[in-house]
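Secondary and tertiary structure notes
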Amino acid sequence: MTTSLSAAAPTSVSARSLTPDLARGFMLLAIALAHAPVFVSDPAHGPAALNTAAQFVKSLLTDNQARAMFVFLFGYGLGQLAQRQHARGSDWISLRKLLRRRSLWLTVIGFAHAAFMPMDIIGVYGLTLLALTPLVRARDSTLWWTSALTLLPATLLISWQGMVAREAAASGRPFMLADTMAETFGAHLVDGIASWPIETPIATVVVVPGMLLGIWAARRRILDEPERHLPLLRRVTVLFLGVSVLGRLPTALLATGAWTTTSHPLAWTVTTAHTLTGYAGGIGMAAAVGLVAARIGRDPGRLTVALAALGQRSMTFYLFQSVVWVALFYPFTLGLRDDMGSAATFAVAVGVWIVSILLAEWMRRAGHRGPAEVLLRRLSYREGRSNSRNRAGVTS
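What you are looking at is a predicted structure, and each value in this text was computed from that prediction instead of being measured.

Re the overall build of the chain
- Within the chain, the secondary structure is distributed over 13 helices and zero strands.
- Listing each helix as α and each strand as β along the chain from the N terminus yields α-α-α-α-α-α-α-α-α-α-α-α-α.
- Rg of the C-alpha trace for the chain: 21 Å, near the compact-globule value of 21 Å for 396 residues, within the 12% margin.
- By principal-axis analysis of the C-alpha atoms, the chain measures approximately 70 × 50 × 40 Å.
- Looking at the chain residue by residue over its 396 residues, the buried ones come to 48%.
- Counted over contacts in the chain with a minimum sequence separation of 6, partners at least 24 positions apart contribute 85%.
- Entry remark: accessible area of the chain is about 18400 Å², with carbon and sulfur atoms responsible for 65%.
- Across the chain, the mean location of the 36 positive side-chain charges is 13 Å away from that of the 20 negative side-chain charges.

The following block contains the structure:
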């Protein structure tokens, strides 16, 4: 098979690009805003106007869109990894082994995380990469066709989940994560482990379209060198974000009660549009960060550096968010699930993100990498280093 691995060799494998890290730092805010409200039992608790505004923003800007940005950046990181290994002289066999080790350890870490937090994406990444490792070196056309073909089932799966939740709410039996929280930590772990083998493999289809587009974008260093791709980034930002807002506005109006419909086909249509345009919005947000980074240039300010430091440790602080949600909302900890509405959880989400920036900047200044990133790197590369030492011993 002809490989596109060397389609655009990086100009430097040692320098870290600003834009992908900046995008990951901003992405963690979107994820926090998407996740925090689902842990409360009554989103309308507290000031009605503020809660309505928070629910509108959540539906319009974060639901199924923060994840799309996360997935795209995950694929972009895979593409960067492949380019770095190619520039260092690694052949495809070595790269494939590295990617498979990485996917296996992502799956293990995701399994451990899912026992602690029901909304895990790390294990989904691991299983998806394990299944689709050959596509990291596939032709561009293969990436595009595979992404297009998997977009429909991914959209239908997410839309079906949205319709189930909507119909439950309409029948007076809204499904809230807070209603299923275990009363003890032990029961919580058992519930997470039991659901993981079913939910995680199914969720892999959701990851594929954005991941493959991220790999394609990394080959062209679109976010690594945004100043070289300004026309493309402008078009993607305006078009994709515009489509996202238009396609997701009806569902946002439904979420706040500003608009209602009794038509099941119409509800399915707007829910599907919400999901589909969320993929576009996630990529559009990444492109917008690229425009900001190009404008900043090579002299970023302290806030930009701190936000990029957070992005460099995105896996660590994604896990950090899970610790905070469990500590705040679950019955066996502070149990605040009945004391907050959507607006209050938004304030908590922003606060957690700000604390994450401060901690990441402290780690940067102290010379500490993210613990999760260090662990994954050591586990992924350990076998390769061991094999290299063994071969050296044989030939010496």
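Focus on the nonpolar core
- Residues L28, F39, F72, I121, L310, W325 and F329 are the most contacted members of the largest nonpolar core, which totals 87 residues.
- Broken down by element, the residue count for this core peaks at 11 residues, all from helix α3 (residues 66-87).
- For F72, the contacting residues outside a window of four places in its chain are G210, L213, G214, A217, L223, I283 and A286.
- Counting six residues, the second-largest nonpolar core is a separate cluster that includes L157, I158, V206 and Y279.

Here's the deal with a nonpolar patch on the surface
- Taken together, the side chains of V350, I354 and L358 present a nonpolar region at the surface, about 250 Å² in accessible area.
- Positionally, L358 belongs in helix α12 (residues 342-366).

Some words on the packing of aromatic side chains
- As enumerated under the stated definition, the model contains 14 aromatic pairs in all.
- Here W325 and F329 contribute two aromatic rings whose centre-to-centre distance is 6.4 Å and whose plane-to-plane angle is 35 degrees, an arrangement assigned as tilted. Taken together, the residues span about one helical turn, with W325 and F329 both in helix α11 (residues 314-329) at a distance of four residues. For the residue pair W325 and F329, the accessibility class agrees, reading buried in each case.
- Counting every residue linked through ring pairs, the aromatic cluster contains F39, F116, F185, W325, F329, Y330 and F332.
- Here the basic side chain of R377 rests over the ring of Y381, its NZ or CZ set 4.5 Å away from the ring centre.

Some points on the packing of α11 against α12
- Interhelical geometry of α11 versus α12 gives an angle of 135 degrees and a closest axis separation of 11 Å. In terms of orientation, α11 and α12 fall into the oblique class. Relative to α12, the crossing made by α11 is right-handed. In this structure, α11 uses F317, F320, Q321, V324, W325, L328 and F329 to contact α12, whose residues at the interface are T345, V348, A349, V352, V355, S356, L359, A360 and M363.

A look at the confidence of the model for the chain
- Taken as a whole, the chain shows an average pLDDT of 89; of its residues, 91% reach a score of 70 or greater.
- This model gives residues 6-14 a pLDDT under 50, and the stretch forms 15 contacts once residues within four places in sequence are excluded.
- Confidence drops under a pLDDT of 50 for residues 386-396, and excluding neighbours within four residues, the segment shows zero contacts in the predicted structure.

Cut-offs and rules
- The numbers attached to residues start from 1 for each chain and follow its sequence in the written order.
- Given that this is a predicted model, residues contribute local features only at a pLDDT of at least 70 and side-chain atom pairs are listed and counted only at 80 or more, while totals for whole chains, interfaces and linings are drawn from all residues.
- Computation of side-chain values covers all heavy atoms of the structure but excludes hydrogens and water.
- Only DSSP runs of H or I with at least four residues qualify as helices, and only runs of E with at least two residues qualify as strands; both kinds are numbered from the N terminus onward.
- For the radius of gyration, the atoms used are the C-alpha atoms, and the globule rule reads 2.2 Å times the number of residues raised to 0.38.
- For every residue, the accessible area obtained with a 1.4 Å probe (protein chains only) is divided by the maximum for its type, and the residue is called buried under 20%, exposed over 50%, and partly exposed between those limits.
- A contact between two residues is defined here by any heavy atoms of the two lying within 4.5 Å.
- Surface accessibility in these figures is a Shrake-Rupley result with a 1.4 Å probe; residues are shielded only by whichever protein chains are displayed.
- When charges are counted, Lys and Arg are positive and Asp and Glu negative, with His and the chain ends excluded.
- Taken as the charge location is NZ of Lys, CZ of Arg, CG of Asp or CD of Glu.
- Residue types Ala, Val, Leu, Ile, Met, Phe, Trp, Tyr and Cys, when buried and joined through side-chain atoms within 4.5 Å, form a set referred to as a nonpolar core.
- A patch is a set of surface residues, each over 30% in relative accessible area and not in a salt bridge, joined within 9 Å for like charges and within 5 Å for the nonpolar side chains Val, Leu, Ile, Met, Phe, Trp and Tyr.
- Between Lys or Arg on one side and Asp or Glu on the other, a salt bridge is scored when a side-chain nitrogen of the former is within 4 Å of a carboxyl oxygen of the latter.
- Any Phe, Tyr or Trp ring, taking Trp's six-membered ring, that has another such ring centre within 6.5 Å forms a pair; planes under 30 degrees apart are called stacked, those over 60 apart edge-to-face, and the others tilted.
- Only lysine NZ and arginine CZ atoms are considered, and such an atom sits over a ring when it is within 6 Å of the ring centre and within 35 degrees of the ring normal.
- Simply put, an axis is a line fit to the C-alpha atoms, just over the touching stretch for a helix, and the angle between two N-to-C directions goes from 0 to 180 degrees.
- Angles below 35 degrees are treated as roughly parallel, those above 145 as roughly antiparallel, those between 65 and 115 as roughly perpendicular, and all remaining angles as oblique.
- It is the rotation of the near helix from the far one that decides the hand of a crossing: anticlockwise by less than a right angle makes it left-handed, clockwise makes it right-handed.
- What pLDDT expresses is the predictor's confidence in each residue, scored from 0 to 100.

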